[in-house]
Amino acid sequence: MVKIAHNDVLRIAWLSRIAFPDSEVSLMAKELDEVVSYAHRVSEIAAEVTVRIQKNVNIFREDLIIPDDANAIQAQAPKIAEHFFVVPAVLEKE
Amino acid sequence: MKINPFATIKELKHSISSHETSADTLLDFSIDRFKKYDSKVGSALEIFEKKSILGQTCTQGMLSGIPGILKDNISQKDRRLGCASKILDNFVSPYDSTASLRLKQDGALLIGRGNCDEFAMGTSGETSAFKKTANPWNLSRVAGGSSSGPIAAVAAGFVPWSLGSETGGSVRLPAAFCGVVGLKPTYGLISRYGLVAYGSSLDQIGISTRTVYDNAMVLSTIAGQDLKDSTSLAVDKKDYTELLNGSLRDGLRIGIVDNAMELDGIDPEIKKSVQDAVKQLEDLGATIVHLNLPAMDYTAAAYFIISRAEAASNLARFDGVRYGLRSKDSKTLLDLYENTRYEGFGDEVKRRIMVGNYVLSSGHQDEYYGNARKVQQAIRREFEDAFKGVDLLAMPTHSIPAFKFDAFKDNKLAMDLLDYFTLPINLAGIPALSVPCGFTKDNLPIGFQLVGAHLSEQLIYQTAHAYEQATPWHTMHPQGFE
């Protein structure tokens, strides 16, 4: 039986880039636990499966420059300056 | 001429070509039906202005002049594209999906955006950020998800066709709940270009209609290789209605999956209806073979892992930087990501991203993702072996009929497990068609599915059409939408 701890939730939330308030961490732990505990049953038969090595095929297309209208995309940006997407500072000010 | 709201595409095409009606009149009729009835169903997030819908380039296509609705995760150029989520607030798609483009080139009229579970994540249609979609057969019950809106619109007679998407059963399950036909095609048959990605190795656009023949007409329009989708199969466009003559193929063998029929908790009325459907196929000339697919018991677990892992990756792009919602007052870039994603995603989407990142995280990847891929291989092989002895499989689409809203509010896992019959097909990448096969004593629709090997859509349609023509289910429609 998997047991998801408070710190597990915080670690996964960090990977997910989602800021859960403290009040929701316990509930998320419980919900995560329920699903991953059920999902863990894949290990019950996985050992019996002979893995077939799949041959992947690359699909190529011509490397052509096709003109497109960047304005259609940039026009929807929350904040833009010239052709840059403007975001808050990457690093926190001390 | 009075238009029958439940007319088939075939019938409407005949009416247009014989000048009993016109595309313009039909479009007005459809728009009016949404205006009159959709407040109680909640199938559409948006119905477009009439002038902007008309203007197709083709008047001779298979769907020319016929209105339909697309799920809110399928791009339509210069239309809002929201995935029923706040995080795509006001986003307008700058391009058409290949499916949308092929429909427009064929002359089909794309009437609006269908409601759905947020980012196609759900089994009931209840996780849309905007509204829930009700089942036209019983408005206190769910339409099923995630393609709730487009399918409810077909069932209620607003439009004769719609496109949804499948990752784990999201066309077939609502189709069964709403008493209509729903196709999940072979993986790669319909281009994913312009379909917002959830689980890329599983996602496929699916089709919903009121009859099998209509479904084949829509597939004929949108299927076929697309160089913009590198997972698209090298298959030419073809006419999938060709073999629909009301008869089964000679010597057809249909396998009934016994362990599926004996599933713990399957509704007895559903089990009986599916057994009757199989008997009907036998009476039409099919040979019935009994078999088991033991790996089916593990496919939900494998699906949870694979789909959520891929979802965690695919939804990483929604970060408030380039489009959509941006959280206000974020001091740093990290705050912006974290706050935007917390505010913009609903609870179910957040849960699935978290599960996805957990199963891919250091120390867990082999145990979960690695093993899930092995289970996927196991179920694929079981289907391959099954199709050496039979041409098609028959099994229920669902284990319980459409349930009441909030029935699974406190038990999300139980709701996710309702996809038991649909998930294996998505993991195997094979096609399946859900077809109405009866009603419960409470007048809720029941559906069963015909499952085939890769690229067997034509055989599936032929078989389903013969069954449909021998039964009354496709002639029955919900009350209150006349």
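Residues numbered from 1 in each chain as written. Chains lettered and ligands numbered in written order. Predicted model: local features only at pLDDT ≥ 70, side-chain atom pairs only at ≥ 80, totals over all residues.

Colleague: Can you help me understand the overall build of chain A in this one?
Modeller: Helix and strand counts for chain A come out as 4 helices and 2 strands. In chain A, the succession of α and β elements from N to C terminus is α-α-α-α-β-β. Against the 2.2 N^0.38 benchmark of 12 Å for 94 residues, chain A shows a C-alpha radius of gyration of 23 Å, more extended than a compact globule. Each principal axis of the C-alpha distribution contributes one length, and for chain A these read about 55 × 50 × 25 Å. Counting the 94 residues in chain A, one finds 17% classified as buried. (Helix = DSSP H or I, 4+ residues; strand = E, 2+ residues; numbered from the N terminus. Rg over C-alpha atoms; globule rule 2.2 N^0.38 Å. Buried ≥ 20, exposed ≤ 12 C-beta atoms within 10 Å, placed from the backbone.)

Colleague: Just checking my understanding: could you explain the overall build of chain B for this structure?
Modeller: For chain B, the count of helices and strands is 16 helices and 13 strands. For 482 residues, the compact-globule estimate of 2.2 N^0.38 gives 23 Å, and chain B sits close to it at 21 Å. A principal-axis box enclosing the C-alpha atoms of chain B has dimensions of 70 × 55 × 45 Å. The proportion of buried residues among the 482 residues of chain B is 60%.

Colleague: Just checking my understanding: could you explain the interface of chain B and chain A for this structure?
Modeller: Accessible area lost upon the coming together of the parts is a frequently used measure of interface size. With 45 residues of chain B at the contact, the number on the chain A side is 37 residues. Counting residues per element, the ones that place at least two in the side of chain B that touches chain A are α10 (296–314), α11 (333–344), α12 (347–360) and α13 (365–389) of chain B. (Contact = placed C-beta atoms within 7 Å.)

Colleague: Quick question: what am I supposed to make of the packing of α10(B) against α13(B) here?
Modeller: Two numbers describe a pair of packed helices, the interaxial angle and the distance between the axes. Residues and elements named next belong to chain B. One can describe the packing of α10 onto α13 by two numbers: an axis separation of 9 Å at closest approach and a directional angle of 130°. Classed by the angle they form, the pair α10 and α13 counts as oblique. Read as a crossing pair, α10 and α13 show a hand that is left-handed. Across the interface between the two elements, Met-296, Tyr-298, Thr-299, Ala-302, Ile-305, Ile-306 and Ala-309 of α10 pack against Tyr-368, Tyr-369, Ala-372, Val-375, Gln-376 and Ile-379 of α13. (Axes fitted to C-alpha atoms, helices over the stretch in contact; angles between N-to-C directions. Parallel < 35°, antiparallel > 145°, perpendicular 65-115°, else oblique. Left-handed = near helix turned anticlockwise from the far one by under 90°.)

Colleague: For this particular structure, what's the right way to read the sheet that holds strand β6 (residues 161–166) of chain B?
Modeller: Sheet strands associate in pairs through backbone hydrogen bonding, adopting either a parallel or an antiparallel arrangement. Residue and element names in this part refer to chain B. In space, the 11 strands of this open sheet follow the order β1-β3-β2-β6-β8-β7-β12-β13-β11-β9-β10, with mixed pairing throughout. Edge positions in the sheet fall to β1 (44–47) and β10 (287–291), since each of these pairs with one other strand and no more. Ignoring strand direction, the axes of neighbouring strands in this sheet form an average angle of 30°. (Pairing = 2+ DSSP bridges.)

Colleague: Help me out: how do you make sense of the nonpolar core in this one?
Modeller: The tendency in soluble globular proteins is for nonpolar side chains to be buried as a group. All names here are of chain B. In terms of nonpolar packing, the biggest core is built from 155 residues, with Ala-302, Ile-305 and Ala-394 touching the most fellow members. Broken down by element, this core gets its largest block of residues, 12 residues, from α10. Apart from residues lying up to four places away in sequence, Ala-394 is in contact with Ile-254, Ile-256, Ala-277, Val-278, Phe-448 and Leu-450. (Core = buried A, V, L, I, M, F, W, Y, C linked by C-beta atoms within 7 Å.)

Colleague: Explain the pairing of strand β8 (residues 204–209) of chain B here, please?
Modeller: Consecutive residues of a regular strand have side chains that alternate between opposite faces of the sheet. Residue and element names in this part refer to chain B. Of all 6 residues that make up β8, 6 are buried, and the element is covered over most of its length. Burial along β8 is two-sided: the residues Gln-204, Gly-206 and Ser-208 and Ile-205, Ile-207 and Thr-209 are all buried. Sheet topology places β6 next to β8; 6 bridges connect them, and they run antiparallel. Paired with Ser-165 across the strands is Ile-205, a residue of β8. Bridge count for strand β7 (residues 181–184) against β8 is 3 bridges, and the pairing is antiparallel.

Just distances and angles here, no functional claims.
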